[in-house]
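Next come the chains, spelled out residue by residue.
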Amino acid sequence: MRGHILISHTHWDHIQGIPFFAPLFVSGNEWDIYGPKGLGQSLRETLAGQMRYTYFPVTLDQCGAKIRYHDLVEGTFDIDDIKVSTHYLNHPALTLGYRLEADGVAVVYCCDHEPYSRMLATSPGNFTGQDLRYAKFLNRADLLIHDAQYTAEEYPAKVGWGHSSIEYVVNLGHYAEVRRIALTHHDPLRDDDAIDRLVANVRAKLRQNASSLDVFAAAEGQIVEVAPSPTKGPARRAGEFQAEMPIEPALANWSVLLGIGDAKMAAALSEAVRAEGICAKFFSDMDEARTLIAKDRPSLVILEHDPPRINGMEMCHAIRQQENDRDHQLPVVMVAAQEDPDSGAAAGVTDWLIKPFTDAYARTKIRAWALRVACQWMRGAIPKDEQQRLASLRALRILDTGPEERFDRITRLASALFDAPIALVSLVDENRQWFKSCYGLNVKETSRDAAFCAHVVYNREPMIVPDTFQDKRFADNPLVINEPRIRFYAGCPLILHDGACIGTLCVIDTRPRPQEVSDVACLRDLADLVVQEIQHNISLRRH
Ligand SMILES: [Zn+2]
Ligand SMILES: [Zn+2]
């Protein structure tokens, strides 16, 4: 059995079935498990945590099946011929909604989610800001499976718990022109009859309004068939960049800018920011704020609005006036006693934090926003001939062998020729890049996800990045923000006689530098020398 499991978040009610899911224990099975990164640990670590021996006799690593884990951020990726888009939901944990598109139909799964504007949960209103962005993610879905734990009447006692009201979900479905809605995440205090009565009410209202929207309550074991709509326009794709992001994002190098009047709240919020390993910075006037934004590239601004003591709206407006890139606005979270969607939209407020709030709630919001901003760098794609390529690489029996002078002299030369501190012979293995020779670097390997060389292996062409900070693919790559702090990269592919591209010869600098065309020819010659040495291995073994 070969399968994929998409997890919205790792709250227990969403993962407790995993230890009892028999197909994970059958050897020969292969599973891919996808989910957002939890607070402070990877998806694999979180799932393994509930199967420690205090709780369960078999650990996750002892499962018979081969399991691959994928920590996700917001974006788009493919599973076979299914397009998967992810979207952060509003919940007190980092949570993703999934939109699956295949064969002309779109199915969206969103649990657990609370409207950003609490007004929308209790009465119909305009979708603006983050709520509008969310509605677009659902646009024209053929089936929307949505959290609908409360009624509008119950909701005011549950604000901040991260769940929706049934009324909100129906309005949302209408607005986003969804065809069918499966209400789910039913309140555990409701029995089946109570749920049936709620659905009957919704349907009666829809009939009154002559609506074609089909609403039902999802049930255990239910199978729903989805066919393409004959009238529907082209489906919309959400997100542009890759959703998979399997390594620790480098939040430590980011900062959150705080403009808070209340001293106690300022202390609590900066504590919440620091608990995430992010640096908290305060400013006293707008000039200072502008300087900090230009210099520190903060990932988030939190402002308080409580006039006349402090006017967050004015500050937000000033920040927006200074921005020239409308597509990449700095998220601004407004702390206030109540939300004001209209003035908020005019001032450019991204999200609200309504007083009073718990530390945990503030922390989740901060981390979710910081992650949304930070994780945009790209992984090198997997080449089409990956299996063949790996077979050729392994047949060389060169991986994990010791250093050899015949390779080291080439990296020494490359470093000297390019006046660069680092030169590598990097071999791109299934999940890592391993260095047969590394001059100027004290690391034997890094993950493939962060590897610049993985891009070269995919494109089979030399790649020069004059300044990583100016290149969206790499600006927040962990190898750029952390050691070795790559600012310049030039790599040439190593292509064997059988056509397999197994790695690169590359030079790296910690300073940006202008691109020079002649450099490529020189690097190509050195790469040919590396290939010659590697092919030498093969001919030696033959004779
Ligand atoms: Zn939850
Ligand atoms: Zn839940």
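Since the structure is predicted, the reported quantities are computational estimates derived from the model, not experimental observations.

Undergrad: Would you mind showing me how to read the coordination of the zinc ion (ligand 2) here?
TA: Octahedral metal centres with six donors ideally show angles of 90 or 180 degrees, and tetrahedral centres with four donors ideally show 109.5 degrees. Here the zinc ion (ligand 2) is held by the protein donor atoms Asp-13 (OD), His-14 (NE2), Asp-112 (OD) and His-185 (NE2), which lie 2.1 to 2.2 Å from it. Coordination at the zinc ion (ligand 2) is irregular: its four donor atoms span angles of 88 to 165 degrees at the metal. Every donor residue of the zinc ion (ligand 2) comes from the same chain, spaced as D-H-x97-D-x72-H. A separation of 3.4 Å is found between the zinc ion (ligand 2) and the zinc ion (ligand 1), both of which receive a donor from Asp-112.

Undergrad: What should I look at first to understand helix H5 (residues 166-175) in this one?
TA: Since there are 3.6 residues in each turn of an α-helix, residues three or four apart along the chain are aligned in direction. Those residues of H5 not exposed but buried are Ile-166, Tyr-168, Val-169, Val-170, Leu-172 and Gly-173. On the buried face of H5, the contacting elements are helix H3 (119-122), helix H4 (129-137), strand E8 (143-147), strand E9 (180-184), helix H6 (192-208) and strand E10 (214-217). Just beyond H5, the residue with positive phi is Glu-177, at close to 55 degrees.

Undergrad: What is the right way to look at the coordination of the zinc ion (ligand 1) in this model?
TA: Taken together, His-9 (NE2), His-11 (ND1), His-91 (NE2) and Asp-112 (OD) make up the protein donors of the zinc ion (ligand 1), found 2.1 to 2.4 Å from the metal. Viewed at the metal, the four donor atoms of the zinc ion (ligand 1) are separated by angles of 90 to 175 degrees, and the geometry they form is irregular. For the zinc ion (ligand 1), the donor residues sit on a single chain with the sequence spacing H-x1-H-x79-H-x20-D. For Asp-112, a relative accessible area of 1% translates into the label buried.

Undergrad: Please explain helix H8 (residues 286-296) as it appears in this structure.
TA: Of the residues making up H8, those classed as buried are Met-286, Ala-289, Leu-292, Ile-293 and Asp-296. Buried positions in H8, seen along its axis, are confined to an arc of 120 degrees and lie on one side of it. Among the exposed residues of H8, those oriented more than 90 degrees off its buried face are Asp-287, Ala-294 and Lys-295. Structurally, H8 contributes buried residues whose contacts are with strand E11 (255-259), strand E12 (279-282) and helix H9 (312-322).

Undergrad: Would you explain the sheet that holds strand E1 (residues 2-6) in this entry?
TA: Hydrogen bonds between backbone atoms are what pair the strands of a sheet, whose relative direction is either parallel or antiparallel. Pairing is parallel across the open sheet formed by three strands, whose spatial order is E1-E2-E3. In the strand order of this sheet, the two ends are held by E1 and strand E3 (66-72), each with one partner. On average, adjacent strands in this sheet sit at an angle of 15 degrees to one another, irrespective of strand direction.

Undergrad: Looking at this model, I keep getting lost on the side chain of Glu-74. Mind explaining?
TA: Structurally, the position occupied by Glu-74 is in the loop between E3 and strand E4 (75-79). On the accessibility criterion, Glu-74 (11% relative accessible area) is buried. From its side chain, Glu-74 meets the backbone nitrogen of Tyr-88 in a polar contact 2.8 Å long.

Undergrad: Explain the pairing of strand E20 (residues 488-495) to me, please; I cannot follow it from the model alone.
TA: Looking along a regular strand, one sees the side chains alternate between the two faces of the sheet. Of all eight residues that make up E20, seven are buried, and the element is covered over most of its length. Pairing of strand E19 (residues 463-465) with E20, which is carried by three bridges, proceeds in the antiparallel orientation. Across the sheet, residue Met-463 finds its bridge partner in E20, namely Gly-491. Here E20 folds back onto strand E21 (residues 501-509), and the loop between the two strands holds five residues, one of which, Gly-499, carries a positive phi near 95 degrees.

Undergrad: Teacher, can you tell me more about the sheet that holds E9 here?
TA: The seven strands are arranged E4-E5-E6-E7-E8-E9-E10 in an open sheet whose pairing can be described as mixed. Each having just a single partner strand, E4 and E10 make up the two edges of the open sheet. Between one strand and the next, the sheet's axes are offset by a mean angle of 20 degrees, whatever the strand orientation. The sheet strands contacting H4 are strand E5 (82-88), strand E6 (96-102), strand E7 (105-110) and E8, and the helix crosses E5 at an angle near 165 degrees. Set on the sheet, H5 makes contact with E8, E9 and E10; between it and E9 the angle comes to about 160 degrees.

Undergrad: What is the right way to read the pattern of salt bridges from this model?
TA: Close approach of charged atoms lets side chains of opposite charge pair. A complete count under the given rule lists 33 salt bridges for this structure. A salt bridge links Arg-309 to Asp-306; the nearest nitrogen and oxygen atoms lie 2.7 Å apart. By relative accessible area, which is 28% here, Asp-306 ends up partly exposed. Look at the salt bridges and you will find they share partners, linking Arg-394, Asp-400, Asp-429, Glu-430, Arg-432 and Glu-445 into a network.

Undergrad: Is there a simple way to think about the pairing of E10 in this case?
TA: As paired strands, E9 and E10 are joined by four bridges and run parallel to one another. The residue of E10 that forms the bridge with Leu-183 is Ala-217. As for the winding sense of the linkage, the β-α-β connection from E9 through H6 to E10 is right-handed.

Undergrad: It is not clear to me how the packing of aromatic side chains should be interpreted in this structure. Could you clarify?
TA: A ring pair, where both rings are aromatic, is described by two values, the distance of the centres and the angle of the planes. In this structure the tally under the stated criterion is seven aromatic pairs. Connected via pairs of aromatic rings, a cluster forms that spans Phe-127, Tyr-168 and Tyr-175. Against the face of Trp-161 rests Lys-158, its NZ or CZ located 4.6 Å from the ring centre. Cation over ring: Arg-513 sits above Phe-488, and NZ or CZ is 4.9 Å from the ring centre.

Undergrad: Sorry, what's going on with the packing of H8 against H9 here?
TA: Any two packed helices are characterised by the angle at which their axes cross and by the distance between the axes. Running from N to C, H8 and H9 cross one another at 45 degrees; their axes reach a closest spacing of 11 Å. If you check the angle between H8 and H9, you find them oblique. Both H8 and H9 take part in a crossing whose hand is right-handed. Counting all contacts with H8, which are made through Met-286, Arg-290 and Ile-293, the residues of H9 involved are Met-315, Ala-318, Ile-319 and Gln-322. In the contact of H8 with H9, the residues fall into five nonpolar, one polar and one charged.

About the cut-offs
- Residues numbered from 1 in each chain as written.
- Chains lettered and ligands numbered in written order.
- Predicted model: local features only at pLDDT ≥ 70, side-chain atom pairs only at ≥ 80, totals over all residues.
- Heavy atoms only, no water.
- Donors = N, O, S within 2.8 Å, 3.2 Å for Na, K, Ca; no water.
- Tetrahedral: all angles 85-135°; square planar, octahedral: opposite > 155°, others 65-115°.
- Buried < 20%, exposed > 50% of the residue type's maximum accessible area, 1.4 Å probe, protein only.
- Helix = DSSP H or I, 4+ residues; strand = E, 2+ residues; numbered from the N terminus.
- Contact = heavy atoms within 4.5 Å.
- Arc of directions from axis to C-beta.
- Pairing = 2+ DSSP bridges.
- Axes fitted to C-alpha atoms, helices over the stretch in contact; angles between N-to-C directions.
- Polar contact = N/O pair within 3.5 Å; in protein donor to acceptor, adjacent residues only side chain to side chain.
- Salt bridge = Lys/Arg side-chain N within 4 Å of Asp/Glu carboxyl O.
- Right-handed = clockwise from strand over helix to strand, strands pointing away.
- Phe/Tyr/Trp six-rings, centres within 6.5 Å; stacked < 30°, edge-to-face > 60°.
- Lys NZ or Arg CZ within 6 Å of the ring centre and 35° of its normal.
- Parallel < 35°, antiparallel > 145°, perpendicular 65-115°, else oblique.
- Left-handed = near helix turned anticlockwise from the far one by under 90°.
- Nonpolar A, V, L, I, M, F, W, Y, C, P; charged D, E, K, R; others polar.

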